[in-house]
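Examining the three-dimensional arrangement
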Amino acid sequence: MPLGCQAKRPPMIACQHAAVEAPDRERRALVLAGGGIIGVLYEIGVLAALEEAFPPGPFNQHFDLFAGTSAGAVTAAFVANGAQPSEMFRALRDDLDSPFNFRPEDVFGAPAGNVIQLFTQFVRPLLGAVGGAIRRGSRATLASMLADFQAHHPPGFYSTEPLERALCARFTALGYAHHFPALPRALYVTGVDIDTAERLVFGAGELAQVHVCRAVAASCAIPILFQPIRIGERDVVDGAVAGAPPIDVAAECGARHVVYVNPLVPIRNDRGRVCFPLGEGGCGRLRDRGIGWIADQTFRTFLAAQLPAALVAVQARYPGLVVQSIEPCPDELPMFLHHAMSFDARRELLDYGYACGQRMAPAAPPSPAAQPGFLP
């Protein structure tokens, strides 16, 4: 549920009763935001650094519950099930034959099938747009062609079914739970009903009966890139569409100390300090790299703008809540130089996430150093 102006307050979240109680200390939550493939790599690097800093033992024992949205839902589902971030880190960094490793075909499907599918999906709307332009003659514009294309195009370029199948196969191979009530630690995954704009919390209430793999795949259905995924009577898309991260979900389910890992922040392209590289060499502005980079920065700015108000609202409802944020520095380039869905820089981004985690680990649980409030 977005933490802004609303006609009515959303219903309370029916938290999982199976969550491990922590009567001797404040309950701790790990909240993981979205960020595509590069977000997963960054988060696993961060968590590997935290694992190294924490006392030895299962990583998920250091938190009482987990919440994730979009790419963060993938990471959260593994860790809540008992995965050690260090094992995930090694498998991804060295591209090992391991259930913890993912490759492009696990997300997008077979390359040959993708080409055929994309061609058949878009040939009709493309022909419709060209036909409309011919009929309009000299009155045809790019805007009118886009409008004709929009009238017939499919709901997305790709399906999330390959990701859902890949997750289920890995959970089975690892002996992990496929259903929310069976998880060793409580897990909450957010998505958005595209027809009603309602934020959904899988793992809570009646949505606790949804298969974990399907809920995670739905939370990763980036609009336009992926088609909405049908769950019951709902068409669900990426949970990040709701704007605010699920910190409020963790707080409502009893957490009083939240570690929030956010892979996507806007770059601060101060050319006196940062060299944003151009294709032809040298440094430049974002506009020099084209619409893709401008769109990426716009989306990051939108997400960053939601966070302060969301934190004010949730901390007003839960006084004393500690939120420890771990995120890239806005004047560091690694998380901005690669497309969000690219696997190409896996080593660089895992190592960068690990370095960020090392910088912030002393203030994260189980250390008592953090104080109430938001700790950037």
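Per chain, residue numbering runs from 1 following the sequence as it is written. Confidence filtering applies because this is a predicted model: local features only for residues at pLDDT of at least 70, side-chain atom pairs given and counted only at 80 or more, and all residues used for totals across whole chains, interfaces and linings. In computing side-chain properties, one takes all heavy atoms of the structure into account and sets aside hydrogens as well as water.

Glancing now at the overall build of the chain. Helices and strands together make up the secondary structure of the chain, namely 11 helices and 11 strands. Here's how the labels work: a residue is buried when its accessible area is under 20% of the maximum for its type, exposed when over 50%, partly exposed in between, all with a 1.4 Å probe on protein chains only. For the chain, buried positions account for 53% of its 376 residues. For every accessible area listed, the method is Shrake-Rupley and the probe measures 1.4 Å; residues are considered covered only by the protein chains on display. Surface exposure of the chain reaches about 17,000 Å², of which carbon and sulfur atoms provide 60%. Where helices and strands are cited, they refer to DSSP runs of H or I of at least four residues and of E of at least two residues respectively, numbered from the N terminus.

Most of strand 4 (residues 186-193) sits out of view: 8 of its 8 residues are buried. The alternating pattern of strand 4 places Ala186, Tyr188, Thr190 and Val192 on one face and Leu187, Val189, Gly191 and Asp193 on the opposite face, and all of these are buried. Sheet topology places strand 2 (residues 65-69) next to strand 4; 5 bridges connect them, and they run parallel. Its bridge partner being in strand 4, Gly68 is matched across the sheet by Val189. Being paired, for any two strands, means DSSP has found at least two bridges between them. Bridge analysis of strand 4 against strand 5 (residues 198-202) gives 5 bridges, and the strand direction is antiparallel. Its bridge partner lying in strand 5, Thr190 is registered against Val201. What sits between strand 4 and strand 5 in their antiparallel hairpin is a turn of 4 residues, with Ala197 showing a positive phi close to 65°.

A few words on the confidence of the model for the chain. Mean pLDDT for the chain: 85, with 80% of residues reaching 70 or above. Under a pLDDT of 50 for its full length, residues 17-24 has, in the predicted model, 11 contacts with residues more than four places off or in other chains. Values of pLDDT, the confidence the predictor places in each residue, fall between 0 and 100. The contact criterion used is simple: two residues touch if any of their non-hydrogen atoms lie within 4.5 Å. A low-confidence stretch, residues 368-376 (pLDDT under 50), is modelled with 25 contacts involving residues beyond four sequence positions or located in other chains.

The angle between the axes and the distance between the axes are what describe a pair of packed helices. A fitted line through C-alpha atoms serves as each axis, taken over the contacting stretch for helices, and the angle formed by two N-to-C directions is quoted from 0 to 180°. Here helix 7 (residues 161-174) crosses helix 8 (residues 212-219) at 140°, and the two axes come no closer than 9 Å. Seen from above, helix 7 lies across helix 8 with right-handed handedness. Every residue of helix 8 that contacts helix 7 at Leu163, Glu164, Leu167, Cys168 and Phe171 is listed here: Val212, Cys213, Arg214, Val216 and Ala217. It is the rotation of the near helix from the far one that decides the hand of a crossing: anticlockwise by less than a right angle makes it left-handed, clockwise makes it right-handed.

For the rest of this paragraph, the subject is the pattern of salt bridges. For this analysis, a salt bridge means a side-chain nitrogen from Lys or Arg found within 4 Å of a carboxyl oxygen belonging to Asp or Glu. Counted under the stated rule, the structure contains 15 salt bridges. Its salt-bridge partner being Arg317, residue Glu252 comes within 3.1 Å of it at the nearest N-O pair. Remark: Arg317 occurs in helix 10 (residues 291-317) and Glu252 occurs in helix 9 (residues 247-252); sequence separation between them is 65 residues. A relative accessible area of 29% means that Arg317 is categorised as partly exposed. Note that Glu332 and Arg359 form a salt bridge whose closest N and O atoms lie 3.4 Å from each other. With Glu332 in the loop between strand 10 (322-326) and helix 11 (346-360) and Arg359 in helix 11, this pair connects stretches of sequence that are 27 residues apart. Through salt bridges that share partners, Asp95, Arg103 and Arg346 make up one connected network.

With respect to the element layout, Gln84 can be found in the loop between helix 2 (71-80) and helix 3 (85-93). Two N or O atoms form a polar contact when they lie within 3.5 Å of each other; inside protein one atom must be a possible hydrogen donor and the other a possible acceptor, and for residues adjacent in sequence the pair counts only when both atoms belong to side chains. A polar atom in the side chain of Gln84 sits 2.7 Å from the backbone nitrogen of Phe59. Discounting residues that sit within four places of it in the chain, Gln84 has contacts with Glu51, Gly57, Pro58 and Phe59.

Take Asp106: it is sitting in helix 4 (residues 104-108). Every residue in contact with Asp106, bar those within four places of it in the chain, is listed here: Asn101, Pro162, Leu163, Ala166 and Arg170. Within the structure, the side chain of Asp106 is placed 3.0 Å from the side chain of Arg170, a separation counted as a polar contact.

Counting buried positions over the 8 residues of helix 8 gives 7, a clear majority of the element. Considered for burial, the residues of helix 8 that qualify are Val212, Cys213, Ala215, Val216, Ala217, Ala218 and Ser219.

For the rest of this paragraph, the subject is the packing of helix 3 against helix 11. Packing of helix 3 against helix 11 brings their axes to within 9 Å, and their N-to-C directions diverge by 155°. One finds that helix 3 runs roughly antiparallel with respect to helix 11. Of the residues in helix 11, those touching helix 3 at Phe89, Leu92 and Arg93 are Arg346, Arg347, Leu350, Asp351 and Tyr354. When the residues that make up the contact of helix 3 with helix 11 are grouped by side-chain class, the tally is 4 nonpolar, no polar and 4 charged. Each angle gets one of four labels, with under 35 degrees taken as roughly parallel, over 145 as roughly antiparallel, 65 to 115 as roughly perpendicular, and the rest as oblique. Residues are grouped as follows: Ala, Val, Leu, Ile, Met, Phe, Trp, Tyr, Cys and Pro are nonpolar; Asp, Glu, Lys and Arg are charged; all remaining types, including Gly, are polar.

With that settled, the discussion passes to the state of the cysteines. The criterion for a disulfide is a pair of cysteine sulfur atoms lying within 2.5 Å. Scanning the model with the defined rule gives 1 disulfide in all. Across the disulfide, Cys275 is cross-linked to Cys283 (sulfur-sulfur distance 1.8 Å). On the S-S bond that ties Cys275 to Cys283, the torsion sits near -90°, and the link is left-handed. What makes Cys275 partly exposed here is its relative accessible area of 37%. Of all cysteine sulfurs, the one in Cys356 lies closest to Cys329, which takes part in no disulfide; the gap is 6.0 Å.

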